[in-house]
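# An overview of the molecular structure
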Amino acid sequence: MRQVFRVLAYVVAAGVVVQAAVMVYAVAGLGLFIDEGGVLDQAAMDQSAAGESLFPEEIGLLLHGMNGTMVLPAVALLAFVASFFAGVRGAWRWGLAILLLVALQVTLGLAGHSIPFLGALHGVNALLLFAVAMYTGWRVTARDRAEHAAPAVASPGLAAGGVAP
């Protein structure tokens, strides 16, 4: 279960990278759309909401929303559950940190539509979430390496290798 926890922590970090990539893809496409004479106004927003794509890169907005509100929260919840069975001291705390940061991320992302400043915090929290998820995965990896590299300790009265002299 330790490996599951480690992989899920890294999946959350990778998910944050995907979130940034698809968002920048969409914004770059929007910029190109406007440069080519496209107009982003309420009519265009209504057209987009009705399912008509304004520009091909608009899919990035959809992917960002779906990944951020459904996929990453599910992965974070699975990581939190796996943290209890990981066999790493304090793992549940790091699993909880990931889960809470994802919950905050979703909240900031949704609230950012009404209060733009919260959208800015959404970006800052994404960096924090990435760092915590990477550190969590690294901690589990380091624990595994330490356990595999630890030399066997000979008990008194036994020679190295556990053989009595």
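Owing to the predicted nature of the structure, the values given are computational and were not obtained by experimental measurement.

### Structural notes on the side chain of Asn 67
Mapped onto the elements, Asn 67 comes out in helix H3 (residues 59-83). Using a relative accessible area of 14% as the deciding quantity, one classes Asn 67 as buried. Every residue in contact with Asn 67, bar those within four places of it in the chain, is listed here: Gly 15, Val 18, Gln 19, Leu 72 and Pro 73.

### Side note on empty space enclosed by the protein
Over the atoms, a rolling probe the size of a water molecule traces out where space has been left empty. Counted by the stated rule, this structure contains 1 cavity of 30 Å³ or more. Taken as a whole, the largest cavity encloses approximately 30 Å³ of empty space. Together, Phe 5, Val 88, Ala 91, Trp 94, Thr 136, Arg 139 and Val 140 line the largest cavity. Contributions of two or more residues to the lining of the largest cavity are made by helix H4 (91-111) and helix H5 (116-149). In terms of residue class, the lining of the largest cavity is built from 5 nonpolar, 1 polar and 1 charged.

### Here we look at helix H1 (residues 2-35)
Relative to the 50 Å expected for 34 residues at 1.5 Å per residue, H1 spans 50 Å between its end C-alpha atoms, a close match to the ideal helical length. Gly 37 occupies a position one or two residues after H1 and carries a positive phi of about 100°.

What counts, and where the lines are drawn
- Residues numbered from 1 in each chain as written.
- Predicted model: local features only at pLDDT ≥ 70, side-chain atom pairs only at ≥ 80, totals over all residues.
- Heavy atoms only, no water.
- Helix = DSSP H or I, 4+ residues; strand = E, 2+ residues; numbered from the N terminus.
- Buried < 20%, exposed > 50% of the residue type's maximum accessible area, 1.4 Å probe, protein only.
- Contact = heavy atoms within 4.5 Å.
- 1 Å grid on protein atoms, 1.4 Å probe; cavity = no way out; pocket = protein on both sides within 12 Å on 5 of 7 lines; lining within 4 Å.
- Points joined across faces, edges and corners; volume = space filled by probe spheres on them.
- Nonpolar A, V, L, I, M, F, W, Y, C, P; charged D, E, K, R; others polar.
- Expected span 1.5 Å × (residues − 1).

Geometry only, nothing functional implied.
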